[in-house]
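Okay, here's what each chain looks like letter by letter:
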Amino acid sequence: MVRVLSVHHFTSQDVVSCPEPVASVTAGNLLLLASPLHQVEVRDLSSPESFFSFPTVDLVENILYSPVGRYVLAKEVREDQAFVRVYINWWNKESVLHPMRARVAAVTPGNNKEEQSFEMIELVCGTKPLNICVCSSTGNLIILTEHTLNVFKYTLASQTPTKYKYIDFQLCMQIHLSYMPSEIQLTEDIVSCLSPSMVHVFKVKLEESGGDEDPPRSLSMYSFSSDSDASVEYNSNSGKAQTIPISNHNLSEKIFNNVTERRRMDSSCEREINKSSIRKHPDHILLGRRSSQDNPELYAGIEVIRNPLVNNEQREIGSLSSPNILEQIIGPCSHPPYINIIIETNPAAFQKSAKRIEGTAITLVYAKISENEKTEKLGLLTVHPVYWREFRVRRNRTPQTPEQLHNPLQSMMYSHLMSVTLMFTSTHEGYLYHVPGHIRRQGKGVGVQKIATYPFTSPVKSIVLEPSLIHALTETGLETYTLRSGYHTVREAELIDDITNACPPKNTPICLIGLRPFLGVKTLVLGTNRLVLLAAPSVETGSQKEDDWTIYSLHIPDSLTLYQDMLTVAEMNIETPHGHLHLLSEAHLVLRTALHKLTWLQVMKPNGVEISAAEVESVKSLYNESCVKLADHYLNYENKSKYSLSLPYYRMSGLPILSVLDRFTCSSPLQASVKYFIQEVVLRPTAQENILDSGVTHKIILLLGENCLECLVHLLLHSSTLRGFKSALSLEFIESKLRLLKEEEEKEEELIAEMAVAAVLIGGSGTWLNLVPVVQLSSTLLKYHELLLDQTQNGQDCLSDLALALRLEVPVVFTEICVSLIESNIWSLGQVLQLLLQTFMSFESSSTAADNAAVLQLFLETYFMELLSQRQLLMDVEDLVLTGDQQQALLTLLRSYLASLTSHSSRAGHFSPLPSIPADNLPLACEPGEFFGSREEFLELLPPYSSDPKMDCSFLLKLESLLCSPLCNQLCKDTVARYLDEQEGTERFISLRVLSCLDPTISVQLIHEHAPGCLQAYCEYNSKNIEVWSTAVNLLYRDTTKENELVLLSLLESMGRLFPPEVLLDCLPEGEHYKDILFQSRRNQQADRLQQLIVTYSTVAKL
């Protein structure tokens, strides 16, 4: 698409007459016109009426100018012969009055006198020259002879006696082509060739050829590889795959194992598999919804299907839906197989090198007309280099030694070459390419690209390029378009991250900004600040005068004028956002490219051009203004992909943060773009941005507190810097809102949770945490888990004030959060134990120390309960092996329970546990005896439960549950047994002695001594251990009481059912009264055998 907007106006126009020229060129603001009279007329475009001339040897057919050396290159003809000659000091009016001094390049030395003389240098290339070109950066030139490009190096030679330097040219290489170009261009080491049917652009790589052991060494100061991928964007023509950078916002957020939510999910304590166990594809699609990785504000409720082949299809900017007539290959790559290029270097040009110099061609662009387009022809090849002072490409890591040769095709400013703009035309279209100045490694720059197709209104005759504009001379007049190269050159040189630096999009439409009718114009040339059109007479008569051609010298508006004109039209189209943004973008690029050009000219000072600091500063000032206008425009969008661009443009403008904040309109609700800007400035400030300024902080807090309190809370949770300034003002806003929410029936739990946490962070009361439902509080604190830690003066981690308030107000949630962080691999068990033990040493009062011990015990209980629960889900609880930290934590919990048992009341004899946690906060509806699994049944028949069933034995129940669980190992049992032996008053804890005893026969003796009625249950617990049964029978047999007789009878009945008669004969005491037991055992044995036979025969019968 091409937009037509009249914003380009020439400030003035000079019209003069001249004789018919045969060739023309500009040298700065000098216009050189070659006449059929073997002379070149030189006119100053600032005063076209005055001119002078210098002679040529033969009739000039083509004339060029080189700013390096200020020489004129001319191709001259005489009958069927052609010559290439260089004219020096032609610009000196006094020198051209003297006789011309002629010499041959690289053969005849220059003038040995100090005064400047008018010289002609003839270049000999063997065969008839067909075309010529000059490199404006190096002064090198190329002479085309049939299929060969003769490259001459511009040098400053010196005479031996006088040391006087003179301009000379030396043939340094010959490039043999398999095709015959009609037009050629040379820019540094990039050669462009055009024929009516194809365009070929390649880079010349020179290497010193080493011996068998030494690898070839490049003469280029900068490394490049023919197989490197310079572009990171998909190119349909080159077939390169796209490399998509993954930014932080595309990564899925950390998914925590929220113990608080899981424990309250099911009142029956059954665990459900956490949702995070299902791994989703990063770009999975939810039908009717959005992808999990997309921006929720951007794709809410929209089904998004990613297809790189569709999304990154190369579209020709500006094409009017016409078929693409070009078939192209985009490099860097080797040349196509049907093209052959041989580079022969001249050893005489590399005398300083003892090694042979080899050259290879790296294809950058190859384009040809499609086979079905026979009538089209290509022409008007134009190449324009772009240098930037502020940027340069790094040199090779290997330093260049003084003996190492410099590539003769590269200038000393080659490192500052950012890009090369390449353009050529067909009959009605112009094709614009971006070629990087250097072939860089993958991920750097944008690579070689075809960036636009310009549809002209009629057949094109001539084109010239300005830094940001294209002037095209067509059969109907002069057309001026915006140039797309600047958009790509900026991306080639700068890092466009859309955070600190931005650039208008590359797909900005082409804009036709000027259309002027001219009749009879034959050619178009560009001066420093003049555009020159040469027009032939419209009517030919017999009485035609000599001065019958017309020179139109149009004064080109400078970048400031063009910017103001674009800005004026943009303000007129402010109601149409797309047109308004288009003109703002074009105006911004005009100043951006002009600023780089001015700073480059300020250093180079070509031909005496002086750029003052005031000129640069005036452009810089308006450039900053353009950044502000772009930022203000993007600020009004509701789409994040658009309004987020306001941030980099405000930063590029150089405005202080306070000045930017003053530009915002204070309204409730606050614009999303304003919130985004404040968040980025607070959370990710640049080195130049200082939010510690009291005025900036006060403005941010006031703006957010009055219009968007949620955003203020979000910043307080993420920014320690903002929490440290104006905290009283922030706390006033938050607490007033919490008081209002406290009275509402329907509350937004997530908002309340974040507000309560933020209030505690900046000095508010910890009681605000009780206002939040525990599940939402846990989710919020896990999301901001880094707020739970602080650092001591020694740099060690410690619990923050928020964590201490959480431990004091909601200890159950605190311990569950600690366990959640351990399960999520954020914290480690040893780290949490160290943090909790630190709190023991930070308080001196006994009551606080007891509270800390209770929290530690609660944490350990929660941790091991969740550990067992998760292992049960995985069906490997029996294979549980504790780590060192887990073993130490388990022993700590055991000792805590044992210490609680010995702390009993002196009167009632009941256990006095540590300070308890409110029952309402406990999430699980299980008894203390079920904490770590079910206790064994025989424990209920042991004291103290058998003597006092109503006794409070919660810690004893927990300890028994722990000793009966898979967590308990031999070390735990030894710890309990040793503690019971060493401590007084533990004789009545028979259950603990039984559970910790290694020998079950000793346990039988203890049970017989204190609770003989429990022997039956204990023996059934050890059902396969015949020694336990035998010991119990013998003890009961010797201690004959009525109660023991009943227990013995029950034991014997059970033994008759469990054991065979031969086993019973060995363990039962001698006596007639045991015969019934043996008889019953034999009957049971026979019944079992009969049952096995029946099963066996039934199986055989079925077969």
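All values derive from a computational prediction rather than experimental measurement.

### A few points about the sheet that holds strand β31 (residues 521-526)
Strands sit in the order β2-β33-β32-β31 across an open sheet of four strands; the sheet is antiparallel. A strand with exactly one partner marks an edge of an open sheet, and here the two such strands are β2 (12-18) and β31. Averaged over all pairs of adjacent strands, the angle between their axes in this sheet comes to 20°, without regard to strand direction. Taken together, the six bridges between strand β32 (residues 530-535) and strand β33 (residues 549-555) define a ladder with antiparallel strand orientation. Counted as the bridge partner of Leu531 is Leu554 from β33.

### With respect to the sheet that holds strand β4 (residues 30-35)
The sheet built from four strands is open, its strands ordered β3-β4-β5-β6 with antiparallel pairing. Lying at the two open borders of the sheet, with one neighbouring strand each, are β3 (23-27) and β6 (51-55). The average undirected angle you get between the axes of adjacent strands in this sheet is 25°. Where β4 lies against strand β5 (residues 39-44), six bridges are found, and the strand directions are antiparallel. In the strand pairing of β5, Leu32 is matched with Val42.

### Focus on the pattern of salt bridges
Opposite charge on two side chains lets them pair, provided their charged atoms get close. According to the stated counting rule, one finds 27 salt bridges in the structure shown. Of the charged contacts, one joins Asp168 and Arg103 as a salt bridge, the two residues approaching to 3.9 Å between their closest N and O atoms. Pair noted here: Asp168 is in strand β15 (residues 165-177) and Arg103 is in strand β10 (residues 101-104), with a separation of 65 residues, a long-range link. Note on accessibility: Asp168 and Arg103 belong to one class, buried.

### Things to note about helix α29 (residues 1042-1058)
Along its 17 residues, α29 runs 25 Å from first to last C-alpha, staying within 8% of the 24 Å computed at 1.5 Å per residue. Every buried residue of α29 is listed here: Asn1044, Val1047, Leu1048, Leu1051, Leu1052, Ser1054, Met1055 and Gly1056.

### Considering the packing of helix α11 (residues 672-683) against helix α12 (residues 694-707)
Put simply, α11 and α12 touch, their axes get as near as 12 Å, and they point 140° apart. Relative to α12, the element α11 lies oblique. As α11 packs across α12, the resulting crossing turns out to be left-handed. Counting all contacts with α11, which are made through Val674, Ile678 and Val682, the residues of α12 involved are Ile700, Leu703 and Leu704.

### A few points about the environment of Cys708
Checked against the element boundaries, Cys708 lands in the loop between α12 and α13 (709-718). Measuring from C-alpha to C-alpha, the distance between Cys708 and Ser667 comes to 9.3 Å, with 41 residues separating the pair along the chain. For Cys708, the residues in contact, after removing those within four places along its chain, are Leu670, Lys675 and Leu703.

### Remarks on the confidence of the model for the chain
When the pLDDT values of the chain are averaged, the result is 81; 82% of them are 70 or greater. Segment residues 267-322 is flagged for pLDDT under 50; beyond a separation of four residues in sequence, or across chains, it makes 82 contacts in the model. Below a pLDDT of 50 lies the segment residues 397-403, which in the model reaches five contacts outside its immediate sequence neighbourhood of four places, other chains included.

Conventions we followed
The numbering scheme is per chain: residues are counted from 1 as the chain's sequence reads. The model is predicted, so local features are restricted to residues of pLDDT at least 70 and side-chain atom pairs to those at 80 or more, both for listing and for counting; the totals for chains, interfaces and linings are taken over all residues. Side-chain numbers here rest on the full set of heavy atoms in the structure, without hydrogens or water. Should DSSP find at least two bridges between two strands, the strands are regarded as paired. Helix and strand assignments follow DSSP, with helices taken as H or I runs no shorter than four residues and strands as E runs no shorter than two, numbered in order from the N terminus. Axes here mean lines fitted to C-alpha atoms, for a helix over just the part in contact, with angles spanning 0 to 180 degrees between N-to-C directions. The working definition used for a salt bridge is a side-chain nitrogen of Lys or Arg within 4 Å of a carboxyl oxygen of Asp or Glu. Buried residues are those whose accessible area, probed at 1.4 Å on protein chains only, stays under 20% of the maximum for their type, while exposed residues exceed 50% and partly exposed ones sit between those limits. Expected helix span is taken as 1.5 Å per residue step, with the number of steps being one fewer than the number of residues. Oblique is the label for any angle not under 35 degrees, not over 145, and not in the 65 to 115 range, which are roughly parallel, roughly antiparallel and roughly perpendicular in turn. Definitions for this section: a left-handed crossing has its near helix turned counterclockwise from the far helix by less than a right angle. A right-handed crossing has that turn clockwise. Contact between two residues is taken to exist if any of their heavy atoms lie within 4.5 Å; hydrogens are not considered. Residue-level confidence of the predictor is what pLDDT reports, using numbers from 0 through 100.

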